[in-house]
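# Structural overview
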Amino acid sequence: MSNDNYFTRMLRGQAPVPAVASLLGGVVRQVDLEAGSLESDYVATDAFLNPAGQVQGGMLGAMLDDVTAMLVTATLEDGASCSTLNLNLSFLRPAQAGPLQGRARLERRGRNVCNVVGELHQDGKLVATATATCMVVRRT
């Protein structure tokens, strides 16, 4: 990770947090690029609930997309970005309104394509998982 890319500027408060991360209550808590991992906290609001009173799966998917793409973003040179090509989700148990913890692990960092695994936890229990394929987009 460069000392001056979008991700590091965002962590220092010198670049805006992505709007979707703000909507999801996303806050990066830890990043370890040597280990290829990142942890973020999220907050599911009542607006995220389906008629059954559980967090709608698409909102959980958005959190998993955010945590996996944020890890890839942390590895990029300045001026590059990433785009999610594929996101496979598995929902393991219902999530309720309140805090969730996201974790991402970089499985493979290629020159143009990255493979990432993500998890969402609530109250110490695994709620949902994802495998993501992200493309590195460079300015030309």
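Everything discussed here concerns the structure shown above.
Summary of the structure given here. Quick caveat: nothing in here was measured; it's all calculated off a predicted structure.

About the criteria used
Residues numbered from 1 in each chain as written. Predicted model: local features only at pLDDT ≥ 70, side-chain atom pairs only at ≥ 80, totals over all residues. Heavy atoms only, no water. Helix = DSSP H or I, 4+ residues; strand = E, 2+ residues; numbered from the N terminus. Rg over C-alpha atoms; globule rule 2.2 N^0.38 Å. Contact = heavy atoms within 4.5 Å. Areas by Shrake-Rupley, 256 points an atom, 1.4 Å probe, with all protein chains shown as cover. Lys, Arg positive; Asp, Glu negative; His and termini not counted. Charge placed at Lys NZ, Arg CZ, Asp CG, Glu CD. Salt bridge = Lys/Arg side-chain N within 4 Å of Asp/Glu carboxyl O. Buried < 20%, exposed > 50% of the residue type's maximum accessible area, 1.4 Å probe, protein only. Pairing = 2+ DSSP bridges.

## Observations regarding the overall build of the protein
For the protein, the helix and strand inventory stands at three helices and six strands. For the protein, the sequential pattern of α-helices and β-strands runs α-α-β-β-α-β-β-β-β. Over its C-alpha atoms the protein spans a radius of gyration of 15 Å, differing by no more than 12% from the 14 Å that the globule rule assigns to 140 residues. C-alpha extents for the protein along the principal axes are approximately 45 × 30 × 25 Å. Contacts in the protein between residues at least 24 apart in sequence constitute 60% of all its contacts with a sequence separation of at least 6. Total accessible area on the protein stands at roughly 7300 Å², and carbon and sulfur atoms take up 50% of it. A distance of 5 Å separates the average location of the 12 positive side-chain charges in the protein from that of its 13 negative side-chain charges.

## A look at the pattern of salt bridges
A full pass over the atoms with the stated rule returns six salt bridges. Across the pair Asp4 and Arg9 runs a salt bridge, and its minimum N-O distance is 3.2 Å. Asp4 gets classed as partly exposed once you look at its relative accessible area, which sits at 39%. As a salt-bridge pair, Glu77 and Arg138 come within 3.1 Å of each other at their nearest N and O atoms. In this pair, Glu77 sits in the loop between α3 (57-74) and β3 (81-91) while Arg138 sits in the segment after β6 (125-137), placing the two residues 61 residues apart along the sequence. Salt bridges sharing common partners tie together Asp4, Arg9, Arg12 and Asp78.

## Topic: the pairing of strand β4 (residues 98-109)
Looking along a regular strand, one sees the side chains alternate between the two faces of the sheet. The pairing of strand β2 (residues 37-44) with β4 spans eight bridges and is antiparallel. When the sheet's bridge partners are listed, Glu39 is paired in β4 with Arg103. Pairing between β4 and strand β5 (residues 113-122): eight bridges, direction antiparallel. Pairing of Leu106 across the sheet is with Val116, part of β5. Hairpin connection, β4 to β5: the antiparallel pair is bridged by three residues.

## Points about unusual backbone geometry
Note on backbone geometry: most residues besides glycine have negative phi, and most peptide bonds are trans. One non-glycine residue, Asp123, adopts positive backbone phi at about 55°. Tracing the sequence through the fold places Asp123 in the loop between β5 and β6.

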